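So the chains spell out like this:
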2 protein chains.
Amino acid sequence: MAQLPTVEDVARVANVSRQTVSNVLNSPEIVKEATRTRVLAAIGELGYRPHASARRLRTQKSSTIGIRLEPVRNGISGSVLDTFLHALTEQADRRGMRVLLFTADDAAAEIEQIRRLRDGADVDAFVLTSTSYQDARVEWLIENNVPFATFGRPWGTEDNPDPRHLWVDVDGRAGVSEATRHLLDGGAQAVAYIGWPSGSGAGDDRHRGWREALEERGLASGDLHVAVEDSVANGRAAAEQLLSSARRPDAIVCASDTLALGARLAASAVGLDDLPIIGFDNTPVAEAVGLSSISQPLEGVAAGVLELLLGPTGNSVRTRGEFSEEPTNRLLAPRLVERRSTHLALDENTGL
Amino acid sequence: MAQLPTVEDVARVANVSRQTVSNVLNSPEIVKEATRTRVLAAIGELGYRPHASARRLRTQKSSTIGIRLEPVRNGISGSVLDTFLHALTEQADRRGMRVLLFTADDAAAEIEQIRRLRDGADVDAFVLTSTSYQDARVEWLIENNVPFATFGRPWGTEDNPDPRHLWVDVDGRAGVSEATRHLLDGGAQAVAYIGWPSGSGAGDDRHRGWREALEERGLASGDLHVAVEDSVANGRAAAEQLLSSARRPDAIVCASDTLALGARLAASAVGLDDLPIIGFDNTPVAEAVGLSSISQPLEGVAAGVLELLLGPTGNSVRTRGEFSEEPTNRLLAPRLVERRSTHLALDENTGL
DNA sequence: GGGAAAAGTTTGATCGATCAAATTCTGAGT
DNA sequence: ACTCAGAATTTGATCGATCAAACTTTTCCC
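Here's a quick rundown of the structure. (Residues numbered from 1 in each chain as written. Chains lettered and ligands numbered in written order. Predicted model: local features only at pLDDT ≥ 70, side-chain atom pairs only at ≥ 80, totals over all residues. Heavy atoms only, no water.)

**As for the overall build of chain A**
- Looking only at helices and strands, one finds 13 helices and 12 strands in chain A.
- Its C-alpha atoms give chain A principal-axis dimensions of roughly 85 × 50 × 35 Å.
- Residues counted as buried form 54% of the 352 residues belonging to chain A.
- The contacts of chain A with a sequence gap of at least 6 include a subset with a gap of at least 24, amounting to 67%.
- Entry remark: accessible area of chain A is about 15,100 Å², with carbon and sulfur atoms responsible for 48%.
- Taken as two groups, the 37 positive and 49 negative side-chain charges of chain A have centres that lie 7 Å from each other. (Helix = DSSP H or I, 4+ residues; strand = E, 2+ residues; numbered from the N terminus. Buried < 20%, exposed > 50% of the residue type's maximum accessible area, 1.4 Å probe, protein only. Contact = heavy atoms within 4.5 Å. Areas by Shrake-Rupley, 256 points an atom, 1.4 Å probe, with all protein chains shown as cover. Lys, Arg positive; Asp, Glu negative; His and termini not counted. Charge placed at Lys NZ, Arg CZ, Asp CG, Glu CD.)

Listed below in structure tokens is the structure:
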């Protein structure tokens, strides 16, 4: 295999200097038309491609975004991060950026990995997922002036947001609220909610969406709410409890597809194949079994993250201060995906 | 933020030359003990970390493995690639390698992306997944002498294997065979199989495992096999068909968890909550609903891929010829994960 | 046509590390 | 003490690109 061609080779063939070749690639507008054509021809002829590491060394930019691949994907919803990752990679590529993976078992290990990648000048910016209250990673990144953006809000600091924290999130509250209203509009009288124990930002937010939707219509939420850890079995148990209670619900909204699948099983088990159930995340499983679900606009989240990091059209990470005028976050609306969530069995169309 | 320290800075503090610092990092054994200690102290003091791009430029190695993130994860089984990716990233890290993602819509686009990353010296080796008959990507990589390994066999060339194609795969046939024997040992008389239309390497392989297990016991496989495209709905329909046929099966093995979930639903719908069903891939969904499933040793696959690419202990990609003595592939055995696949509802333990 | 500004192109230095070769240091053997 | 091999360390060159500044050519206007 012959040595890969360099700028020097291209320059020789095109009969210009190194720098002109470089200019054709990086600031084509300052090169005379005729020259540019000649250089491009030479590039094509030789199959030249700039050496990424050389460029990075000189420019002190890696054009790389680091993201942690979570250790154990939380079951059914694992596909959310997956889809997000795909969207991020694809859109980053269009902006000339790459996505580098790393793993870490906990927040401390993640910080250590981030430090390694940053110190090695391997990565220009980081994308964090699953933010929590008092997120140690966020604090560290801000303190150390490392560019980053999160998929997830800085829960708990709504009243005093830090403009150095760039984030994109999906408005779960609005999504659940919409789903609840949709069920009420469809004739439901008692819409129950199966959520998670309070304490998680996203969980509390979604719960609030349901509560508010009921209040809006002057309905009491009283005993229609059950909080359990996220699992199919728990979802099933919760639904069984609700369905056997005095005020039997005629529709259920869940904080996740996992819970919704459990609820679906419970309902079908007692013959309530028609009980409307809506999950959250629009996972492949929901699609496969025909569950309605609230879908997060993951492409939009990826686009938002990149916009915050790179600017509307830029292709390199901006330093803080370059954009003090612009908003530092983005809250996107989810979308309700309706399926015939009446029967568990589906026609051919719903298959994966 | 102060400028990051360089070898030069470390050298000055430790009172040695650049090269000695470099040696401490790359061939510590040739540096005198006392000097090494002094240099390491200086490194610690300054928090020095080698500049990845500079090193790559000089060594002409990127220490990076490229892998394509598949476009639409095929429903429920998407988690397989995901888990593999996690294992690969983690183990690569231990070997000083990084994992870079890219996306592509089809094989041609994937080749183009590979070419870009290779030409830019961004990636030393590639890992391909989901190999098919006559895989164009594999042919291109071999022809262009790009280091790579695949998760998946070179289907169709068993009789004339190309030693330049490094691969790791899981023995689906053995897995399905084991599952089938297990059911027969448990007292089943008629074990059915729901698989995919013939034509896919993995699918045909798994099907064969079932057939052979029956033949081994002198049983006829006759009408106990249904082939459908992979979807929950199809799995359900296939199971319904089998269960209403003359020779009603008393256990079912499926080519995927997706099909198995469908089969489970069909069985439960007609009251056969106890019908044993075994899926394939051991996805979070199988875990969540308590389905038995054949689990692929993904950590092992990741380890195998790295071993083939880097050698047993190496930490950089080997060129062909360096290892003509060693085997060029690895076939790993899957493991049957048993769950109480009798009822769809499960106790707390199975919840995810 | 003269001269200055603008446009286009080239040259030399540099990013931070490692390689290859040269140099200095050490210790064993006589 | 003296030599010399081998160990330990240093020096100069280099990887392939871009930056900054210098240089050359073109354009424009009076």
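Picking up where we left off.
**Quick notes on the side chain of Thr129 of chain B**
Residue and element names in this part refer to chain B.
- Mapped onto the elements, Thr129 comes out in strand 3 (residues 125-129).
- Classification of Thr129 by relative accessible area gives buried; the value is 5%.
- Within the structure, the side chain of Thr129 is placed 2.8 Å from the side chain of Glu70, a separation counted as a polar contact.
- The residues touching Thr129, leaving out its near neighbours within four places in the chain, are Ile67, Glu70, Leu81, Phe84, Arg137 and Phe151. (Polar contact = N/O pair within 3.5 Å; in protein donor to acceptor, adjacent residues only side chain to side chain.)

**Observations regarding the protein's contact with DNA strand C**
- The environment of DNA strand C is formed by 27 residues, the closest being Arg18 and Thr35 of chain A together with Val7, Gln19 and Ser22 of chain B.
- Here the atoms of DNA strand C within 4 Å of the protein split so that 59% fall in sugar or phosphate, with bases taking the remainder.
- Asn26 of chain B places a side-chain nitrogen or oxygen 2.6 Å from a phosphate oxygen of DNA strand C.
- Contact between DNA strand C and Ala54 of chain B: a base nitrogen at 3.4 Å from a main-chain N or O atom of the residue.
- Secondary-structure elements contributing two or more residues to the surface near DNA strand C are helix 2 (18-26) and helix 4 (52-59) of chain A together with helix 2 (18-26) and helix 4 (52-59) of chain B.
- Examining the composition of the surface near DNA strand C, we find that five residues originate from one element, helix 4 of chain B, more than from any other.
- For the surface near DNA strand C, the residue count by class is nine nonpolar, 11 polar and seven charged. (Near = heavy atom within 4 Å. Nonpolar A, V, L, I, M, F, W, Y, C, P; charged D, E, K, R; others polar.)

**Structural notes on unusual backbone geometry**
Residue and element names in this part refer to chain A.
- The backbone of Ser130 sits at a positive phi, close to 50°, despite the residue not being glycine.
- As for its position among the elements, Ser130 is in the loop between strand 3 (125-129) and helix 7 (136-143).
- Residue Ser130 is classed as partly exposed on the basis of its relative accessible area, which comes to 45%.

**Some remarks on the relation of the copies chain B and chain A**
- Turning chain B through 180° and shifting it by 0.0 Å along the axis lays it on chain A, with an RMSD of 0.1 Å. With respect to symmetry, the two chain copies, as superposed, fit the operation of a two-fold axis.
- When the interface residues of chain B are mapped onto chain A, 100% of them again lie at the interface, so the same face is used by both copies. (Least-squares fit on C-alpha atoms with pLDDT ≥ 70 in both.)

**Quick look at the packing of aromatic side chains**
Residues and elements named next belong to chain A.
- Counted under the stated rule, the structure contains six aromatic pairs over all chains.
- Measuring from ring centre to ring centre gives 5.5 Å for Tyr193 and Trp210, while their planes differ by 20°; the resulting arrangement is stacked. Linking Tyr193 in strand 6 (residues 191-195) with Trp210 in helix 9 (residues 201-216), this pair joins segments that are 17 residues apart in sequence. For the residue pair Tyr193 and Trp210, the accessibility class agrees, reading buried in each case.
- Above the ring of Phe280, the side-chain terminus of Arg206 is found at 3.6 Å from the ring centroid. (Phe/Tyr/Trp six-rings, centres within 6.5 Å; stacked < 30°, edge-to-face > 60°. Lys NZ or Arg CZ within 6 Å of the ring centre and 35° of its normal.)

**Details of the interface of chain B and chain A**
- Opposite the 62 residues of chain B that make contact, chain A presents 64 residues.
- Buried area between chain B and chain A, both sides added, is near 5,400 Å², and the carbon and sulfur share of it is 58%.
- The tally of links from chain B across to chain A stands at 19 residue pairs in polar contact (both at pLDDT 80 or more).
- Of all the elements in the fold, those that place two or more residues in the side of chain B that touches chain A are helix 4, helix 5 (78-94), strand 2 (98-102), helix 6 (107-119), helix 10 (232-243), helix 11 (257-269) and helix 12 (284-289) of chain B.
- Here the side of chain B that touches chain A takes seven residues from helix 6 of chain B, the largest share from any one element.
- Among the residues forming the side of chain B that touches chain A, the class breakdown is 28 nonpolar, 16 polar and 18 charged.
- Note that strand 2 (residues 98-102) of chain A and strand 2 of chain B share three bridges and pair antiparallel. (Buried area = accessible area lost by both parts, 1.4 Å probe. Pairing = 2+ DSSP bridges.)

**Here's the deal with the sheet that holds strand 9 (residues 277-280) of chain B**
All names here are of chain B.
- In space, the six strands of this open sheet follow the order 7-6-8-9-10-12, with mixed pairing throughout. The open sheet has two edge strands with one neighbour each: strand 7 (225-227) and strand 12 (335-337). On average, each strand axis in the sheet is tilted by 20° relative to the strand beside it, whichever way the strands run.
- Examined bridge by bridge, strand 10 (residues 292-295) and strand 12 share three bridges and lie antiparallel to one another. Note on strand 12: the bridge partner recorded for Ser293 is Val337.
- The sheet contacts of helix 9 (residues 201-216) involve strand 6 (191-195), strand 7 and strand 9, and relative to strand 6 the element is tilted by about 170°.
- Relative to the sheet, helix 10 contacts strand 6, strand 7 and strand 8 (251-254), its axis offset from that of strand 6 by approximately 150°. (Axes fitted to C-alpha atoms, helices over the stretch in contact; angles between N-to-C directions.)

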